[in-house]
Amino acid sequence: TAMGYQGGRNEEMIGTVIKNLGVRDKVHIQTKIRVPRLQGAATDDEVARGMLNDVDGCLKRLQTDYVDLLLIHGPSVRDMNHSGVRRALEEAKKQGRARFVGFSSHSQQADVLNSAVESGFYDTATVSFNFTQAGDAALKGAIKKAADSGMGIVAMKTQATGRRGFSPGPPVNQTAALKWVLQHKEITTA
């Protein structure tokens, strides 16, 4: 889920279901927060404080003390390496509010993955990956490099939905589309 999905309502719904079923110890919760605009007069401390406030809001809506995976949503290379952003994520882990930290990416994926590997900071990456990217050697190479460095790689958009300019014509065989993703041993889960 993410703090922005349905204006936070999605986190509330998930939190309520998990609480009502009493299954918090049996599920892994991943949520996403946005990186604040880094232009302007915001100091590193202000950026970190704002992001940690967002984490607290997520935890309240999810009705839990921690998330298993906290992602920053769609960062640029600059965003993901900003000291205030990394300080917030590091603090969330240190305080037990997040077990692992990572990022999600829909654009410039090879660049952000390669930067994440260089930094050694991020535990996971959630990337758009599906059969329409079969010829994207830069992305596939970056995914391999990230996985080889120990990062967990979560594939999203595995059914080629939401891809701009992609019109599959006949219906896509959903099972085959997922199998294409999972045949890549670098993919941890989808």
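Throughout what follows, the structure given in this document is the object of discussion. (Residues numbered from 1 in each chain as written. Predicted model: local features only at pLDDT ≥ 70, side-chain atom pairs only at ≥ 80, totals over all residues. Heavy atoms only, no water.)

1. As for the nonpolar core
Counting residues in each nonpolar core, the largest one holds 44 residues, and the members touching the most others are I72, F103, L113 and Y122. No other element matches helix 2 (residues 44-62), which puts eight residues into this core. (Core = buried A, V, L, I, M, F, W, Y, C linked by side-chain atoms within 4.5 Å. Buried < 20%, exposed > 50% of the residue type's maximum accessible area, 1.4 Å probe, protein only. Helix = DSSP H or I, 4+ residues; strand = E, 2+ residues; numbered from the N terminus.)

2. Description of the sheet that holds strand 1 (residues 30-33)
The five strands are arranged 1-2-3-4-5 in an open sheet whose pairing can be described as parallel. The open sheet has two edge strands, strand 1 and strand 5 (152-156), and neither has a second partner. The mean angle between the axes of side-by-side strands here comes to 30°, regardless of whether they run parallel or antiparallel. Note: strand 2 (residues 67-73) against strand 3 (residues 98-105), six bridges, orientation parallel. (Pairing = 2+ DSSP bridges. Axes fitted to C-alpha atoms, helices over the stretch in contact; angles between N-to-C directions.)

3. A short note on the packing of aromatic side chains
The final tally for this structure, using the stated rule, is three aromatic pairs. Ring geometry for F103 and Y122: centres 5.4 Å apart, planes at 85°, overall edge-to-face. Of this pair, F103 sits in strand 3 while Y122 sits in the loop between helix 5 (109-119) and strand 4 (124-128), and the two are 19 residues apart along the sequence. Accessibility assignment for this pair places F103 and Y122 in one class, buried. Seen from their ring centres, F121 and Y122 are 4.9 Å apart, and the 80° between their planes marks the pair as edge-to-face. For Y122, a relative accessible area of 5% translates into the label buried. Each member of the aromatic cluster is reached from another via a ring pair, and the members are F103, F121 and Y122. The ring centre of Y66 lies 4.1 Å from the NZ or CZ of R24, which sits over that ring. (Phe/Tyr/Trp six-rings, centres within 6.5 Å; stacked < 30°, edge-to-face > 60°. Lys NZ or Arg CZ within 6 Å of the ring centre and 35° of its normal.)

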